[in-house]
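Listed here are the chains, written in short residue letters.
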Amino acid sequence: QVQLVESGGGLVQPGGSLRLSCVVSGGIFSNYALAWWRQPPGSQRNLVAAITSGGNTNYADSVTGRFTISRDNAKNTVYLQMNSLEPEDTGVYYCAARYYYDDPNEYRYWGQGTQVTVSS
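Here is a short report on the structure shown in this document. (Residues numbered from 1 in each chain as written. Predicted model: local features only at pLDDT ≥ 70, side-chain atom pairs only at ≥ 80, totals over all residues. Heavy atoms only, no water.)

### Quick word on the state of the cysteines
Then step 1. The final tally for this structure, using the stated rule, is one disulfide.
Then step 2. Disulfide pairing places C22 opposite C95 at an S-S distance of 2.2 Å. Sign of the S-S torsion, about -85° for the bond between C22 and C95, identifies this disulfide as left-handed. One end of the pair, C22, is in strand β3 (residues 18-25); the other, C95, is in strand β9 (residues 91-99), with 73 residues separating them in the sequence.
Then step 3. The buried category is assigned to C95, whose relative accessible area is 0%. (Disulfide = S-S within 2.5 Å. Helix = DSSP H or I, 4+ residues; strand = E, 2+ residues; numbered from the N terminus. Buried < 20%, exposed > 50% of the residue type's maximum accessible area, 1.4 Å probe, protein only.)

Printed below as a string of C-alpha cells:
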C-alpha cells in the first residue's frame, strides 16, 4: 500500500518562505514521478510543480522562479521550497505520485494535504 504524508504547512506573512515535505512509503520511490498540487479556497485543485523519476521539473507559470521542487530518493521524500510567498499562494497543498510510465496527467496516489496560509 502506497502512502503519502505531507508536512510543513502553516501561516506565513507575504514575502516569507516555507518548505513542504512529503514522505512516500510503499513501492519503489525512484519509479515514481511526483508532484505538488494546490487547491485554493473555493477553487479546483491545480498542478503547482512536478518532478520526473529522472529529476526533470516543470512549474506552473504563477510559481516559476519562486518555488522549487526536489526529491531525495534516499529518504523517499519530495520537497517544495516556496519563497516570496503571496496571498494568492494560500490553499491546501497535496503531494501526489504516479509511476514513471503512467499518463503524465494521471496521478495514482495522493496525500491528505497540508494547509498553507499567506497573510499579514
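### Description of the pairing of strand β8 (residues 77-82)
Then step 1. Counted residue by residue, β8 has five buried out of six residues, so it is predominantly covered.
Then step 2. In the sheet, β3 pairs with β8 via six bridges, with the strands oriented antiparallel. Looking across to β8, one finds that R19 is bridged to Q81.
Then step 3. Pairing of strand β7 (residues 67-72) with β8 involves six bridges; the strand directions are antiparallel. Residue pairing in the sheet places F67 in a bridge with M82 of β8.
Then step 4. Where β7 folds back onto β8 in an antiparallel hairpin, the turn is made up of four residues, including N76, whose phi is positive at roughly 50°. (Pairing = 2+ DSSP bridges.)

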